[in-house]
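Report on the structure
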Amino acid sequence: MMDCGEGTQMMISKYRINTSRIKLLCISHLHGDHLFGLPGMLSSFQHHQRTEPLTIIGPPGLKEFIQVVLNLTQQYITYPITIKEIKTKERTEVFHFDDLTVSAFPLNHRIVTYGYFFEEKSNVRKIKKEVVQQYQLSVDEIRQVLKGDDVIRKNGEVLPNDILTLPDSPKRSYAYCSDTMYDEKLTDWIKGVTTLYHEATYLHDMVEKAVERKHTTSKQAGLIAKKAEAGKLIIGHFSSRYTDISELVAEAKEEFECVYAALEGSVFSV
Ligand SMILES: [Zn+2]
């Protein structure tokens, strides 16, 4: 999960998100619109008897924020929480799952802010959906397939790995660039990213305001996607002055072809 603004819990409930599947929360920076939903969400997890561990990663000060709010409100948390504060000037690995690495890199905003980069590990096989049904594969057998092993059935039949898995596809990746001003340095860290989320707070006629507030215009977000050779661009964090988001999308499309708006409830495949 990326950032945790005030409306997070309402959206979790509206879109029926299974919160036990949230294992990692990456906070980009400590501005309230990215953070103020966190104490409430941690408390709700407790009320719902969460037992799964949760790791929260973010800039310095995150730990103090969480501890102070939980202490003052006497909210005791019994599920394991690990809070990891990062300090880096380069792209640095901060977490990994079995099939995915997570790196952080600095953005250019009014306070310390990090972007995050998620990348598949190359050795993970992708199983063909239809073979699971066709051979009634068990969970253990699926694990063997994903490791790259052949499956030996109870009757001795051997199912070779290459008939069960898809040919190697390029590694998928996702970069999350929340609040930041236009900064070409970013493109080094996210080069070739499959799916890029980048903020686009203003239209380009407000570029001075964007610079002053350390935000990006839609045109600039398109430029970053182009220079980074991204697969597709999702823009968001629109100023409330805009009621017609299609203008922002159109402006980014002048620089980069494949642009979508991160509207509430949107789902994108990576
Ligand atoms: Zn901000």
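Residues numbered from 1 in each chain as written. Predicted model: local features only at pLDDT ≥ 70, side-chain atom pairs only at ≥ 80, totals over all residues.

Here we look at the overall build of the chain
Selection criterion: Elements are defined by DSSP. Helices are runs of H or I of four residues or more, strands are runs of E of two residues or more, and each kind is numbered from the N terminus. Burial is judged by counting other C-beta atoms within 10 Å of a residue's own C-beta: 20 or more means buried, 12 or fewer means exposed, and anything between counts as partly exposed, with every C-beta placed from the backbone. Note that contacts rest on C-beta atoms placed from the backbone: two residues are in contact if these are within 7 Å.
Scanning the chain for helices and strands turns up 10 helices and 12 strands. In terms of overall dimensions, the chain has a C-alpha envelope of 70 × 50 × 35 Å along the principal axes. For the chain, the proportion of its 270 residues judged to be buried stands at 30%. In the chain, of all internal contacts separated by at least 6 residues, the share reaching a separation of at least 24 is 62%.

A few points about unusual backbone geometry
With phi around 60 degrees, D3 is a residue other than glycine that occupies positive phi space. Note that D3 resides in the segment before α1 (8-14). Look at D3 and you get buried, because 21 C-beta atoms sit within 10 Å.

Some remarks on the sheet that holds strand β5 (residues 100-106)
Cut-off, in case you're wondering: When DSSP finds at least two bridges between two strands, those strands are taken to pair. Axis angles are defined between N-to-C directions and span 0 to 180 degrees, where every axis is a line fitted to C-alpha atoms and, for a helix, only to the segment in contact.
In space, the seven strands of this open sheet follow the order β4-β5-β6-β9-β10-β11-β12, with mixed pairing throughout. Because the sheet does not close on itself, it has two edges, and the strands there are β4 (92-97) and β12 (259-261). On average, each strand axis in the sheet is tilted by 20 degrees relative to the strand beside it, whichever way the strands run. In the packing of helix α10 (residues 246-253) onto the sheet, the strands contacted are β11 (232-236) and β12, and the crossing angle to β12 comes to about 160 degrees.

Let's talk about the domain arrangement of the chain
What counts, and what does not: Marked domain ranges trace back to an automatic or database domain assignment.
Domain boundaries in the chain define domain 1 (1-85), domain 2 (89-122 + 171-270) and domain 3 (129-164). Here the C-alpha centre of domain 3 lies 38 Å away from the C-alpha centre of domain 1.

What to know about the environment of D149
Relative to the helices and strands, D149 resides in the loop between α5 (139-147) and β7 (151-152). Residues D149 and S43 lie 106 residues apart in sequence; the distance between their C-alpha atoms is 42 Å.

With respect to the nonpolar core
Going by this rule: In this usage, the nonpolar core is the set of buried Ala, Val, Leu, Ile, Met, Phe, Trp, Tyr and Cys residues whose C-beta atoms join them within 7 Å.
Counting 50 residues, the largest nonpolar core has A175, L196 and L233 as the members making the most contacts within it. When residues are assigned to domains, this core turns out to be shared by domain 1 (1-85) and domain 2 (89-122 + 171-270), each giving three or more. Leaving out residues up to four positions away in the same chain, L196 has contacts with A175, I190, A225, A228, A230 and L233.

Focus on the sheet that holds strand β1 (residues 24-26)
If you trace the three strands from one edge of the open sheet to the other, you get β1-β2-β3, paired in parallel fashion. The two strands at the open ends of the sheet, each matched to only one other strand, are β1 and β3 (81-85). Taken pair by pair, the neighbouring strands of this sheet meet at an average axis angle of 15 degrees, ignoring direction. As paired elements, strand β2 (residues 54-58) and β3 share five bridges and run parallel to each other.

Quick look at the packing of helix α9 (residues 218-227) against α10
Here is the rule: By definition in this entry, angles of less than 35 degrees are roughly parallel, angles greater than 145 are roughly antiparallel, angles of 65 to 115 are roughly perpendicular, and the rest are oblique. For any helix crossing, the convention is left-handed if the near helix is rotated counterclockwise from the far helix by under a right angle, and right-handed if that rotation is clockwise.
Two elements in contact, α9 and α10, have axes whose closest approach is 7 Å; the angle formed by their N-to-C orientations is 40 degrees. Compared by their axis directions, α9 and α10 come out oblique. As for the relative orientation of α9 and α10, their crossing is right-handed in sense. For the pair formed by α9 and α10, the contact residues are S218, K219, A221 and G222 on the first element and L248, E251, A252 and K253 on the second.

Section: the pairing of β11
The buried fraction of β11 amounts to four of the five residues, a majority that puts the element mostly inside the structure. Where strand β10 (residues 195-199) and β11 come together, five bridges link them in parallel fashion. Residue pairing in the sheet places L196 in a bridge with L233 of β11. Taken together, the three bridges between β11 and β12 define a ladder with parallel strand orientation.

Quick look at the environment of V211
Of note, V211 is situated in helix α8 (residues 207-213). Given 14 C-beta atoms within a 10 Å radius, V211 is considered partly exposed. When the C-alpha atoms of V211 and R16 are compared, they prove to be 38 Å apart, with 195 residues separating the residues in sequence.

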